[in-house]
Amino acid sequence: MTFSRRRFLQRSAIATTTLIAAPAVFRSGAFGAENPIVVGSLHDQSGPIAASGTPMVYALQLAVDEINAGGGLLGRPLKVIHYDTQSNIQMYSQFAQQLAVKDKVDVVHGGITSASREAVRPTFDRFKVLYFYNVLYEGGVCDRNTFCTGTTPAQTVEKLVPSAMKKAGKKAYIIAADYNYGQITAKWMTKYVKDNGGEVLATDFFPLDVTNFGTTISKIQAAKPDLILSALVGGNHTAFYRQWTSAGMKGKIPIASTTFGLVNEPTTLDAAESDSILGAYGYFEELTTPASKSFVEKIKKAHPDSPYVSELAACTYEGVMLWAAGVKKAASIDRMKVIAALEDGIAFDGPSGKVTLDKPTHHTTRNAFLAEVKDRKWSVLESYSDVKPADTASVCDLVKNPNDTKQYIINL
Amino acid sequence: MAIYLIVALDVLNGISSLFLLCLGLAIIFGMMKIINLAHGEFIMLGAYATVISANAGVNIWIAMLVVAPLFVGLVGLVIERCLIRFLYGRLVDSMLATWGLSLLIIGIVTTIYGNTQQGVPTPLGGFSIGSYQSSYYTLFLAGMAVVMMAVVYGVMSYTRFGLIARATMQNPAMAATLGVNPARVYMSTFAVGAAITGLAGGLLAPVSGITPGMGGAYVAKAFMTVVGGGAAILSGTMSAASLFGAVNQVGAFFTTPVYGEVLVFTAAIVLIRLLPQGISGRFFKGNL
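Numbering of residues starts from 1 in each chain and follows the order in which that chain's sequence is written. Following the order in which they are written, the chains are lettered starting with A and the ligands numbered starting with 1. The model is predicted, so local features are restricted to residues of pLDDT at least 70 and side-chain atom pairs to those at 80 or more, both for listing and for counting; the totals for chains, interfaces and linings are taken over all residues. Side-chain metrics in this entry use all non-hydrogen atoms of the structure; hydrogen atoms and water are not considered.

As annotated in an unreviewed UniProt entry, chain B is Branched-chain amino acid ABC transporter permease from Bradyrhizobium diversitatis. In its Sequence similarities (unreviewed entry) section, UniProt records this for chain B: "Belongs to the binding-protein-dependent transport system permease family. LivHM subfamily." UniProt positions are given in the numbering used here, feature names are shortened, and annotations may be inferred rather than shown by experiment.

Right, dumping it as structure tokens:
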């Protein structure tokens, strides 16, 4: 066979056309066959924040599996596209683009730190992808495209501070991590201490790589507070509780924390180091309600080595379920219709109890719990039902300003 | 009065932990000119060795003082044979290779033990000065720093191994013509440096949060101290550790922990500007 120039050109042209057309043909075929609703997931499964992200992924998967077992949504199955963001903000930006542009997902659940949320939120706004942030945080996000299902300071710190002050006394010393979460939480702590007739002796911030707390412990002793309020974050900061105990200070001044025990501190520290620390969250693994027990059981059954199932996991599960309820109510997957449905008093009875989406803030009205560490586990002392996101509500009204996309710094 | 004693103890604590953290690096970097960016991971391995053996029932003191340095020393030996020995005299390459190594070690530890690890409680307990409390462990760390300094000084000055090691670092070619095998000396020096780093990790395990990524918090400060100290591994490291440790603790006490950190870095910049050869380039010339 001779290989003429004309023939070469012909063949090349055919080959090129096939190549270019192939993805379109295959893709439409694939979508036509199954047509699932696609749920995007952005969670850290490696790096420093992995212990927080891992149970969230388990919870998301559990929710999706349960929905699929019940026949899916609108007669279509759900499909999860998950990316491990590796505790790296750059990965968040990159995968957020990918979810929006390439995977064309219908909703995204994810983001853990406030920094990661602020990295992806504008992307989802721009590409019009509905976004759920299922983590407790400092409050103030006001964005019609975003739903924040975790607790905010008005829901937890407001309960924690007065109970701790009642137990310990009026003079508090605040220690917090030196980034936006710690800074803002310290402000809330100060506010609630003052509201309850107390006094803040000092506030110290710590960069995340501080490991030596010797001078802080001396300073605390010099200031002689009745109570320590801690918003320390991360593995390096757990050293504080160790050094505190080793200096023999344990039990002399009580500690209440907004971050302790959210991940795994009670299990990584010795009982002597963590006993009687107070905490308040929207959920504890130790809650004994049937819904909570079965939730924890299901996660532990599927993943026996799962880290502590905290508010992060519970809110993720509830976040997916709330979204599903919205889709059912809207009878459509269209973003604006789903948002309108979600704003219309959607509620879900989850592991933490009844969770209701709040229309003006896109936050949740949910239960809060106060607990104390006993023998490396939380022992729940008190529960508060239907606590409103009053902090965000003071700055955000999406009914009046539906085009708002800001995170407000709440002035105290 | 008591408060000054307590602050003095804090300063002592800052200096001794910084010195312990840096000594192994001073040997590896100061003597061998290998930029070991996996230094923090050696510390982490020491801490893990301590915690895991202590939780498995080994006596805490044995876990800290024997298991941790032995284990990390062995790891150091393997790493030297497989990786570092090809990199002598290649400063930039050694940086890249050990950085990769640090990621690898973090990855391996995370895969085996996950992202979290139960720690060990601090032994010894606390004592009081006036109305203030401090920990015996602080004094123990200071004691260990002194012991390590004495041991390294003794070995380097009075033993045949120390003499050969110093000679090889100064002039490997000359040492080789006198019948020393430089490759062997490098190997054992690297392993000793790793073992000392492992010991530091073990000693800090009861007072730190233990995660696979914990090394990151130490590596920058360790390098700063070793570079600030200059060529003399003992007097240089000790003086730089004293300076930076004291600045950090006093700064943190009188201002805030944030400024404590800022002051250390400022001090380091000023120091390197004024004494580009480090403290020992000027004051302890020719010392060990």
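Draft legend 1. The pairing of strand 1 (residues 37-43) of chain A, seen in detail. Residues and elements named next belong to chain A. Note on classification: 1.4 Å probe, protein chains only; a residue is buried when its accessible area is under 20% of the maximum for its type, exposed when over 50%, partly exposed between these limits. Numbered from the N terminus, helices here are DSSP runs of H or I no shorter than four residues, and strands are runs of E no shorter than two. The buried fraction of strand 1 is high, at seven of seven residues. Side chains of strand 1 alternate between two faces, with Ile37, Val39, Ser41 and His43 and Val38, Gly40 and Leu42 buried alike. In short, DSSP must find at least two bridges between two strands for them to pair. Strand direction decides the pairing type here: strand 1 and strand 2 (residues 78-84), joined by seven bridges, are parallel. By the bridge assignment for strand 2, leucine 42 is matched with tyrosine 83. Note on handedness: a clockwise path from strand one over the helix to strand two, with the strands aimed away from the viewer, defines a right-handed crossover. Once you follow strand 1 into helix 2 (residues 50-69) and on to strand 2, the crossover reads as right-handed. In terms of strand pairing, strand 1 meets strand 3 (residues 107-110) through four bridges, oriented parallel. Note that in strand 3 the partner of serine 41 across the bridge is histidine 109.

Draft legend 2. Layout of the packing of aromatic side chains. Residues and elements named next belong to chain A. In this analysis, rings of Phe, Tyr and Trp, with Trp reduced to its six-membered ring, are considered paired at centre separations within 6.5 Å, and the interplanar angle assigns stacked below 30 degrees, edge-to-face beyond 60, and tilted for intermediate values. This model, assessed by the stated rule, comprises 27 aromatic pairs over all chains. Both rings, one in tyrosine 179 and one in tyrosine 181, keep their centres 6.5 Å apart while their planes meet at 40 degrees; by these two values the pair is tilted. Note on phenylalanine 284 and tryptophan 378: the rings are 5.1 Å apart at their centroids and 50 degrees apart in plane angle, and the pair reads as tilted. Of this pair, phenylalanine 284 sits in the loop between strand 10 (278-281) and helix 11 (290-302) while tryptophan 378 sits in strand 14 (residues 377-387); the two residues are 94 residues apart in sequence, bridging distant segments of the chain. Accessibility classification places phenylalanine 284 together with tryptophan 378 in one group, the buried group. Joined through ring pairs, the aromatic side chains of Phe206, Phe213, Phe240, Tyr241, Trp244, Phe260, Tyr281, Phe284 and Trp378 make up one cluster. For a ring to carry a charge above it, either NZ of a lysine or CZ of an arginine must fall within 6 Å of the ring centroid while also lying within 35 degrees of the normal to the ring plane. A cation over an aromatic ring shows up here: arginine 117 above the ring of tyrosine 133, its NZ or CZ 4.8 Å from the ring centre.

Draft legend 3. Structural view of the side chain of A:Gln407. Residue and element names in this part refer to chain A. If you trace the backbone, glutamine 407 turns up in the segment after helix 14 (390-393). Here a polar contact means two N or O atoms within 3.5 Å. Within protein one must be a hydrogen donor candidate and the other an acceptor candidate, and residues neighboring in sequence count only if both atoms are side-chain atoms. A distance of 2.9 Å separates the side chain of glutamine 407 from the side chain of arginine 117, its partner in a polar contact. If sequence neighbours within four positions are ignored, glutamine 407 has contacts with Arg117, Glu118, Arg121, Tyr137, Glu138, Gly139, Gly140 and Val141. Here, residues are in contact when the closest pair of their heavy atoms is within 4.5 Å.

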